[in-house]
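Now for the letters of each chain:
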Amino acid sequence: MNINATLLGQAITFAILIWFTMKFVWPPLTAAMDERAKKIADGLAAGERAKHDLELAAKRSAEVIREAKEKAAEIIASGDKRAAEIIEAAKSQAKVEADRMIAGAQAEIEQEVFRAKEQLRGQVSAIALAGAAKILGREVDARAHNDLLDKLVAEI
Amino acid sequence: MSGQTSSEYISHHLTNLHAGEGFWSFHLDTMSVSLVLGFILFGAMWLAARKATSGVPGGLQNFVEMVVEMVDTQVKDTFHGQSKLIAPLALTIFVWIFGMNAMDVLPVDLLPLVLHWFGVDHFKIVPSTDLNATFAMSLSVFFLIYFYSLKVKGLGGFTHEILCAPFGKWMFPVNILFRIVEDIAKPISLALRLFGNMYAGEMVFILIGLLPWYLQWTLGAPWAIFHLLIITLQAFVFMMLTVVYLSMAHESH
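The text that follows walks through the structure, step by step, so that each part is easy to find.

Conventions used here
Residues numbered from 1 in each chain as written. Chains lettered and ligands numbered in written order. Predicted model: local features only at pLDDT ≥ 70, side-chain atom pairs only at ≥ 80, totals over all residues. Heavy atoms only, no water. Helix = DSSP H or I, 4+ residues; strand = E, 2+ residues; numbered from the N terminus. Buried < 20%, exposed > 50% of the residue type's maximum accessible area, 1.4 Å probe, protein only. Areas by Shrake-Rupley, 256 points an atom, 1.4 Å probe, with all protein chains shown as cover. Lys, Arg positive; Asp, Glu negative; His and termini not counted. Charge placed at Lys NZ, Arg CZ, Asp CG, Glu CD. 1 Å grid on protein atoms, 1.4 Å probe; cavity = no way out; pocket = protein on both sides within 12 Å on 5 of 7 lines; lining within 4 Å. Points joined across faces, edges and corners; volume = space filled by probe spheres on them. Contact = heavy atoms within 4.5 Å. Buried area = accessible area lost by both parts, 1.4 Å probe. Salt bridge = Lys/Arg side-chain N within 4 Å of Asp/Glu carboxyl O. Phe/Tyr/Trp six-rings, centres within 6.5 Å; stacked < 30°, edge-to-face > 60°. Lys NZ or Arg CZ within 6 Å of the ring centre and 35° of its normal. Axes fitted to C-alpha atoms, helices over the stretch in contact; angles between N-to-C directions. Parallel < 35°, antiparallel > 145°, perpendicular 65-115°, else oblique. Nonpolar A, V, L, I, M, F, W, Y, C, P; charged D, E, K, R; others polar. Patch = residues over 30% accessible without salt bridge, like charges linked within 9 Å, V, L, I, M, F, W, Y side chains within 5 Å.

1. Brief notes about the overall build of chain A
And step 1. Summing up its helical and strand segments, chain A has two helices and zero strands in all.
And step 2. Looking at the 156 residues of chain A, the share that counts as buried comes to 15%.
And step 3. Summing over all exposed atoms, chain A offers an accessible surface of approximately 12,100 Å²; the carbon and sulfur share of this is 63%.
And step 4. Computing the positive centroid from 23 side-chain charges and the negative centroid from 24, chain A places the two 7 Å apart.

2. Things to note about empty space enclosed by the protein
Residue and element names in this part refer to chain B.
And step 1. Applying the stated criterion across every chain, the model contains two cavities of 30 Å³ or more.
And step 2. Within this model, the largest cavity holds a volume of roughly 60 Å³.
And step 3. In this structure, the largest cavity is lined by 11 residues; those nearest its centre are Glu 161, Arg 179, Lys 186, Met 248 and Ala 249.
And step 4. Elements represented by at least two residues in the lining of the largest cavity include exactly helix 6 (131–164), helix 7 (172–209) and helix 8 (216–250).

3. Describing the interface of chain B and chain A
And step 1. The interface of chain B with chain A comprises 47 residues on the first partner and 29 residues on the second.
And step 2. Summed over both partners, the interface of chain B with chain A comes to about 3,400 Å²; 76% of that surface belongs to carbon and sulfur atoms.
And step 3. If you look at where chain B meets chain A, you find one salt bridge.
And step 4. A salt bridge links Glu 65 of chain B to Arg 36 of chain A; the shortest N-O distance between them is 2.7 Å.
And step 5. Among the elements that line the side of chain B that touches chain A, the one with the most residues is helix 2 (residues 28–50) of chain B, at 10 residues.

4. A closer look at the packing of aromatic side chains
And step 1. In this structure the tally under the stated criterion is 14 aromatic pairs over all chains.
And step 2. With 5.7 Å between their ring centres and 90° between their planes, Trp 19 of chain A and Phe 24 of chain A make a pair best called edge-to-face.
And step 3. On the basis of relative accessible area, Trp 19 of chain A is assigned to the partly exposed category, the value being 48%.
And step 4. What makes Phe 24 of chain A partly exposed here is its relative accessible area of 33%.
And step 5. Pairing Phe 142 of chain B with Tyr 146 of chain B gives two aromatic rings, centres 5.1 Å apart and planes at 55°, and the pair type is tilted. Remark: Tyr 146 of chain B and Phe 142 of chain B occur in helix 6; sequence separation between them is four residues, near one turn of the helix.
And step 6. The rings of Trp 19, Phe 20 and Phe 24 of chain A are connected pair by pair, giving a single aromatic cluster.
And step 7. It is Arg 50 of chain B that lies over the ring of Trp 46 of chain B; its NZ or CZ is 4.8 Å from the centre.

5. Digging into the pattern of salt bridges
And step 1. The full count for this structure, using the stated rule, is 13 salt bridges over all chains.
And step 2. In this structure, Arg 100 of chain A engages Glu 97 of chain A in a salt bridge whose closest nitrogen and oxygen atoms are separated by 3.0 Å. With a gap of three residues between them, Arg 100 of chain A and Glu 97 of chain A both fall in helix 1 (residues 6–136), about one helical turn apart.
And step 3. Residue classification places Glu 97 of chain A among the partly exposed residues on the basis of a relative accessible area of 37%.
And step 4. Asp 72 of chain B is the salt-bridge partner of Lys 76 of chain B, the closest N and O atoms lying 2.9 Å from each other. Here Lys 76 of chain B and its partner Asp 72 of chain B are both found in helix 3 (residues 59–78), four residues apart, which amounts to about one turn of the helix.
And step 5. Using a relative accessible area of 55% as the deciding quantity, one classes Lys 76 of chain B as exposed.
And step 6. Beyond isolated ion pairs, a larger network of salt bridges with shared partners links Lys 153, Glu 161, Arg 179, Glu 182, Asp 183 and Lys 186 of chain B.

6. Notes on the packing of helix 2 of chain B against helix 3 of chain B
The angle between the axes and the distance between the axes are what describe a pair of packed helices.
Residue and element names in this part refer to chain B.
And step 1. With their axes 9 Å apart at the nearest point, helix 2 and helix 3 run at an angle of 110° to one another. In terms of orientation, helix 2 and helix 3 fall into the roughly perpendicular class. Every residue of helix 3 that contacts helix 2 at Ala 44, Met 45, Leu 47 and Ala 48 is listed here: Leu 60, Gln 61 and Val 64.
And step 2. A per-class count over the contact of helix 2 with helix 3 returns six nonpolar, one polar and no charged.

7. Brief notes about a nonpolar patch on the surface
And step 1. On the surface, a cluster of nonpolar side chains totalling about 660 Å² of accessible area is made up of Ile 12, Ile 16, Trp 19 and Phe 24 of chain A together with Trp 46, Leu 47 and Leu 60 of chain B.
And step 2. At the level of elements, helix 1 of chain A together with helix 2 of chain B are the ones that each hand at least two residues to the nonpolar patch.
And step 3. The dominant element in the nonpolar patch, judged by the number of residues it contributes, is helix 1 of chain A, at four residues.
And step 4. By the secondary structure assignment, Leu 60 of chain B is in helix 3.
And step 5. A relative accessible area of 40% means that Leu 60 of chain B is categorised as partly exposed.

Have a look at this one:
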């Protein structure tokens, strides 16, 4: 076992290596690792926060959907009501119109009947006159028997 | 091992390549291998550190970070003070010793053979089988222990600790004796543990190298696999003990 100056040389190498590690190897590596650890921690925290946000958003969206449904139901109900009202109004208006039209039609019919009667009367008197002329065998003087004819027309 | 007896083969493998005489001689193999390893390993870590990103790390950075994190965890578990030195020191020790130990799994005859072609006669490839290398580290650590003891506790506090721990001030001769034994044991045990393990491991590889080539794998493979554990473990033990000693230096009894 020969101890010699090799020991000094090795000690110097050792010292240089320690200095080198202290100066150039350890600090940048640990700095990078610490920074990464911080990044990961931040990332995890952000993830946790995002999860929380997502929960809140889900809750909010559920609420919004519920509100929307309520509103939709309300709108549908009011729409139904309005539709019923419109139908009701249309019905009554139609009835009024129909009544009016029926009344008009009836009036017209009456007028028509009256006119037909008048015409008929005229024609009947003409026929009667012609018939009477035939029976009598001679011309009836319409003027001479005018009052008689009028009486006849009134009877018809 | 052509033309050598077994003992010649073994002692050939256990002789350092050296230059100089007496104390002022240098083991060129130990120094060159540990230097080259230092360049490669710490160069690689420097490359990883220089481009270190806090985003997704690449392969090299990932690997280096794994080692750094392991060392950092161990240091944080053991040492509770503030120190810019201890964690990088622990990393240096672990990586460097691991590299030096790992030379043990290279085939024992490979580098000596190659270097023999270039006229180099002896070459011990594993620096941690050289006491100079292990003592260089353990004595450096020992120096740091005293440096921090004095720095943290001051001369008075440190003297008080030597005189009064562990048995109180009336037992100061015993305390001093204990302290001397403890402080001698620290660097010696640190250095010899590593040296002993690696030397023994290398020795076994050399003995396996004496077997006929077609039988070497039967013992060589299991021993190499087992030795991977020892390589890592010894690097780890040296690192942990250094951290423990230095944290003891920071804490008062």
